[in-house]
Amino acid sequence: MLIRHDRPLLAIDILLDVAFHVGRGEEVTGAGDIADRLGAARRGIEPLLQTLSRAGLLDSLRGPRGGYRLGRAPRDMTLLDVVSAAIDEEGGEPESTGRLSEVVTLPFWQELEAGLREKLAAISIDDLLRRAAAKGLRRPVNEPLNFAI
């Protein structure tokens with residue numbers, strides 16, 4: 001992968017997993033279950049779960065029957081929302097100090113990022129759920145109806 005950001009990709013995987021397995025209904029899924037399904041360490045995803053909860057993308061319920069569910073409808077969450085939440089808490093990019101970097105490389109990279117942001121803003125979690133369905137994956141839960149006029 002040319003441009004790789006592990007934290008944003010994992011954030012997308014987490015949200016897609018929660019959307020796929022529990023959605024916005026009454027049920028929740030635990031951090032351990034999410035980690036198991038993603039093949040990740042629970043300790044590794046917990047900071048992202050907190051970040052996504054603070055951003056309002058996940059609802060976090062405490063207690064022995066607690067866990068996570070979507071904070072908004074899947075169609076109302078773009079990948080840009082998810083990636084922005086993950087990157088905002090990740091920290092800034094290292095700055096280059098050279099003149100060539102300032103005049104050529106950095107503006108070029110900003111153009112690439114603008115194109116990527118535009119693409120991410122056009123894709124929702126719901127779009128990814130449709131891709132999963134097109135690949136034959138069946139959701140274990142039905143999402144409650146959500147009408148918008």
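Above this text you will find the structure in question.
Only a predicted model underlies this, so the values are computations on that prediction, with no experimental measurement involved.

1. Points about the packing of helix H1 (residues 6–21) against helix H4 (residues 79–88)
Working step 1: Interaxial distance between H1 and H4 falls to 8 Å at its minimum, and their mutual angle equals 130°. Compared by their axis directions, H1 and H4 come out oblique. In the packing of H1 onto H4, the handedness of the crossing is right-handed. Of the residues in H4, those touching H1 at Arg-7, Pro-8, Ala-11, Ile-12 and Leu-15 are Leu-79, Val-82, Val-83, Ala-86 and Ile-87.
Working step 2: Class assignment for the residues of the contact of H1 with H4 results in nine nonpolar, no polar and one charged.

2. Observations regarding the pairing of strand S2 (residues 67–70)
Working step 1: Strand direction decides the pairing type here: strand S1 (residues 58–61) and S2, joined by four bridges, are antiparallel. Across the sheet, Ser-60 pairs through a bridge with Tyr-68, a residue of S2.
Working step 2: In sequence, S1 turns back onto S2 through a hairpin of five residues, with Gly-63 there showing a positive phi of about 110°.

3. A closer look at helix H5 (residues 99–121)
Working step 1: The first and last C-alpha atoms of H5 sit 32 Å apart over 23 residues, in line with the 33 Å expected at 1.5 Å per residue.
Working step 2: Along H5, the sharpest change in direction is near 35° and occurs at Thr-105; proline Pro-107 comes one to four residues later.

4. Comments concerning the nonpolar core
Working step 1: Ile-14, Leu-15, Leu-49, Leu-52, Leu-58 and Val-82 are the most contacted members of the largest nonpolar core, which has 32 residues in total.
Working step 2: Listing elements by their share of this core, those giving two or more residues are H1, helix H2 (31–38), helix H3 (42–54), S2, H4 and helix H6 (125–134).
Working step 3: Per element, the largest residue contribution to this core is seven residues, and it comes from H1.
Working step 4: Setting aside chain neighbours within four positions, we find Leu-58 in contact with Ile-14, Leu-15, Val-18, Leu-49, Leu-52, Ser-53, Tyr-68, Arg-69, Leu-70 and Gly-71.

5. Observations concerning the packing of H1 against H2
Working step 1: Viewed as axis vectors pointing N to C, H1 and H2 meet at an angle of 110°, and their least axial separation amounts to 10 Å. Between H1 and H2, the angle is such that the two are roughly perpendicular. Here the hand of the crossing between H1 and H2 comes out right-handed. Packed against H1, whose contacting residues are Leu-10, Asp-13, Ile-14, Asp-17, Val-18 and His-21, the element H2 presents Ile-34, Arg-37 and Leu-38 at the interface.
Working step 2: The residue inventory of the contact of H1 with H2, partitioned by class, reads five nonpolar, one polar and three charged.

Conventions adopted
- Residues numbered from 1 in each chain as written.
- Predicted model: local features only at pLDDT ≥ 70, side-chain atom pairs only at ≥ 80, totals over all residues.
- Heavy atoms only, no water.
- Axes fitted to C-alpha atoms, helices over the stretch in contact; angles between N-to-C directions.
- Helix = DSSP H or I, 4+ residues; strand = E, 2+ residues; numbered from the N terminus.
- Parallel < 35°, antiparallel > 145°, perpendicular 65-115°, else oblique.
- Left-handed = near helix turned anticlockwise from the far one by under 90°.
- Contact = heavy atoms within 4.5 Å.
- Nonpolar A, V, L, I, M, F, W, Y, C, P; charged D, E, K, R; others polar.
- Pairing = 2+ DSSP bridges.
- Expected span 1.5 Å × (residues − 1).
- Bend = angle between axes of the 7 residues up to and from the residue.
- Core = buried A, V, L, I, M, F, W, Y, C linked by side-chain atoms within 4.5 Å.
- Buried < 20%, exposed > 50% of the residue type's maximum accessible area, 1.4 Å probe, protein only.

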